[in-house]
Amino acid sequence: MSDSALINRRGGALAQLSDTLWRRPGLLIFLLILPPALWLGIIYLGSLFALLAQSFFSIDEFTGIIQYEFTLKTYAELFRPSNFDIIIRTVVMAAAVTIGAAVIGFPVAYYAARYARGKWKAIFYLGVMMPLWSSYLVKVYSWKLILAKEGILNWLFETLHLGGLLNAYLAIPVIGGNSLSVSATGTFLVFLYVWIPFMILPIQASLERVPHTMIEASGDLGARPAQTFRHVLLPLALPGVIAGSIFTFSLTLGDYIIPQIVGSSRRFIGQAVYAYQGTAGNIPLAAAFAVVPILLMAVYLWVAKRQGAFDAL
Amino acid sequence: MKTILKSGTALLLGLTVAGQTAAQTMITEIGEGEGQVNIVAWPGYLERGETDAAFDWITGFEEKTGCKVNIKSANTSDEMVALMNEGGFDLVTASGDASLRMVAGKRVQPINVDLIPSWSTVDERLKEAPWHYVDGTHYGVPYMWGPNVLMYSTDVFPEAPKSWDVVFTAMDFPDGKPNQGRVQAYDGPIHIADAANYLMFHQPELGITSPYELNEDQYAAALDLLRGQRKLVSRYWHDAFIQIDDFKNEGMAASGTWPFQVNLLQGDKTPVASTIPEEGATGWADSTMMHADAENPNCSYMWMEHSLASNLQSDLSVWFGANPAVPAACTDGRGMQTAEGCTTNGMDDFDRIKFWTTPVSSCESQGTCVPYYRWVSDYIGVIGGR
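Residue numbers restart at each chain and count upward from 1, following the sequence in its written direction. All chains are assigned letters beginning with A, and all ligands numbers beginning with 1, in the order in which they are written. Local features in this predicted model are restricted to residues of pLDDT 70 or higher, and side-chain atom pairs are both shown and tallied only at a pLDDT of 80 or more, whereas totals for entire chains, interfaces and linings draw on every residue. Excluded from the side-chain calculations are hydrogens and water; all other atoms, namely the structure's heavy atoms, are used.

Here we take up the packing of helix H7 (residues 136–147) of chain A against helix H9 (residues 240–249) of chain B. With axes taken as lines fitted to C-alpha atoms, and helix axes fitted only over the stretch in contact, angles between N-to-C directions fall between 0 and 180 degrees. Only DSSP runs of H or I reaching four residues or more are called helices, and only runs of E reaching two or more are called strands; each is numbered from the N terminus. Interhelical geometry of H7(A) versus H9(B) gives an angle of 20° and a closest axis separation of 10 Å. Considered as vectors, H7(A) and H9(B) are oriented roughly parallel to each other. For the pair H7(A) and H9(B), the crossing hand works out as right-handed. Touching Tyr141(A), Lys144(A) and Leu145(A) of H7(A) are Ile242(B), Asp245(B), Asp246(B) and Asn249(B), all from H9(B). Each residue is assigned to one class: nonpolar for Ala, Val, Leu, Ile, Met, Phe, Trp, Tyr, Cys and Pro, charged for Asp, Glu, Lys and Arg, and polar for all the others, Gly among them. Grouping the constituent residues of the contact of H7(A) with H9(B) by class yields 3 nonpolar, 1 polar and 3 charged. Convention used here: angles under 35 degrees read as roughly parallel, angles over 145 as roughly antiparallel, angles from 65 to 115 as roughly perpendicular, and any remaining angle as oblique. Two helices crossing with the near one rotated counterclockwise from the far one by less than a right angle form a left-handed crossing, whereas a clockwise rotation gives a right-handed crossing. A contact between two residues is defined here by any heavy atoms of the two lying within 4.5 Å.

Structure below.
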């Protein structure tokens, strides 16, 4: 019985299709990859290029009509003091949130990776993930209430007779304000709360991969705990920290809802994009603003890749 | 980014369609209803008794005409313009800062007021208002209007503040404490008009005739005033419910606001009241406008008639704390509104209100004015402390 006899016996279009795909595996892979490739190519890259193209146009100062001619004028506008402030403000906030999340997240992740067992491990996962289950807006609004001038935190300070301390802190320019909920510190705290699960989980994953024996070996060789941390644990866990920081940094960079609800009303990049494209019809400037986080993240990811962050994702 | 792409597409669509519909004609008679009508509206503008059973002005219309009302809520004027540019809607309740944009973009069609029997009952002051009556043509049917009032805490102010200076200049409030950190301002560039309105009264030498038409000098003066205000304001209000929360939990004492928040706070027994100070106030006036390519014109005309003739005007003015476009709705008992209620909402203050319109570069009063997109970027600067 020859091969051709076997194939000839099978009829029907579906069976033929199945045969063709079996004989030419390349075609199968092509067909499977086509939809996601189209999605990425048209929806994602297409919109990205539409955005990039917009940012090279400019708005006519006099009539407010967009001029479809190539110019770098819009990018120059980013460096006007009021616009540059927004970029600096957003980047500083994103960096502060990232550092804060790493400092708080590391011990939590360390405990979970090294000591939590059985039931406690489950509770840990639940504790870290639970904030992600409830609506983002609900969390932000409840923080607004917690931080309010007549909110629970202020009440706690007053009850402990530490109200003066809080007021002294709030009197500091830039990070202070009339109450926590209208200060940059308040914005920072809410960002920190909302994004911290994205920092803890990658750190924990990377810590679990650090062999316990290495820590013990370091101790055996006479290193103090601080030295072990600096020279053994941190370098080995660093890819996890960087992976987490990619999340916290980029999420803070792009958020435009938290600074609108909690904080001093000073704009962040996301809000500026929203205002310029929506109310002002100044799409070129909005596009130029939107390119800023893309560039920042490109540089950041390049550095992170060199540090091996993507091995710990 | 997605929104940018969307508005880019909308813009493109708008441009292509605008060319085609330049020569449009008015409807001359109303035929059979098409079975439905699609309306873009402000939240709370179209109620069918689902939020509160007492407030329903849609069910009756649907039963009477057989036109099912499909509602699409929009939160900002810009959203409304974008939705109308996308198409697929018949009507929109547009404010003055959106209506002229849509007329200029040919997104709405002229309205034949002869086909609306209740047109004669519309407030004379609104019939030919410049935000929907352009070059002798009606592009909209007045819907609702209201002032941006000054809300104040009655704990702090034993009597109503006489001037907007409580939110613009540093001072001590009657309770002896400074106003710094206890006042709010609107987080939209249109707030520059409130500053201009204040200057119009206090610095007549600037020669401002309309707070929406400012030359460079007048504009700079308004921005200076707002820079001073930045030092007093901890948070600019953007969302009505956040402002309500701030008056409850942040110890706010005074702010410009909509009657909507005043009503809700008073309903909650918070000690606040509102006033229109001596300088007058800015305000909004909405009109029902019809899409240039409306697919359900007959039901649309039936709705416009319904919007003027039914309990809508009366009950909506209670619901929203606004004023009906038909003055009779205050008194004739077609709904819950009363003459006192209308007075509270500012019905008698029409002449003291400067209604929102979009600032454009070629303005009537003085040739060239600062256009709206600069209001946006400069107000961002002011809030950022520049």
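With that settled, the discussion passes to the domain arrangement of chain B. Bring the parts together and some accessible area is lost; that lost area is often taken as the interface size. Residue and element names in this part refer to chain B. All domain edges in this entry derive from an automatic or database-based domain assignment. Taken domain by domain, chain B consists of domain 1 (3–143 + 284–352) and domain 2 (147–282 + 357–383). Domain 1 and domain 2 are separated by 28 Å when their C-alpha centres are compared. On the side of domain 2, 13 residues touch domain 1, which itself brings 13 residues to the contact. Here the quantity called buried area is the total loss of accessible area, with a 1.4 Å probe, experienced by two parts when brought into contact, counted for both. Across the domain 1 to domain 2 interface the summed buried area is about 1100 Å²; carbon plus sulfur atoms make up 55%. Whenever a carboxyl oxygen of Asp or Glu lies within 4 Å of a side-chain nitrogen of Lys or Arg, that contact is scored as a salt bridge. Counting across the interface, domain 1 meets domain 2 through 0 salt bridges.

Moving on, we get to a nonpolar patch on the surface. On the surface, Leu27(A), Phe30(A), Leu31(A), Leu34(A), Leu38(A), Trp39(A), Leu40(A), Ile42(A), Ile43(A), Tyr44(A), Leu45(A) and Phe49(A) cluster together to form a nonpolar patch covering roughly 1200 Å² of accessible area. Turning to its location among the elements, Leu31(A) is positioned in helix H3 (residues 25–55). A patch consists of residues whose relative accessible area exceeds 30% and which take part in no salt bridge; residues with like charges are grouped when within 9 Å of each other, and nonpolar side chains (Val, Leu, Ile, Met, Phe, Trp, Tyr) when within 5 Å. The Shrake-Rupley method, run with a 1.4 Å probe, gives the accessible areas here. Residue values count only the displayed protein chains as cover.

It is worth spelling out the UniProt feature "transmembrane region" (unreviewed entry) in chain A at this point. Residues and elements named next belong to chain A. UniProt positions are given in the numbering used here, feature names are shortened, and annotations may be inferred rather than shown by experiment. In this numbering, the UniProt entry assigns the feature "transmembrane region" (unreviewed entry) to residues 27–52, 86–110, 153–176, 182–201, 232–258 and 283–303. Taken as a whole, residues 27–52 contains 100% helix and 0% strand, while its terminal C-alpha atoms sit 34 Å from one another. Counted over residues 283–303, helix gives 100% and strand 0%. Its end C-alpha atoms are 31 Å apart.

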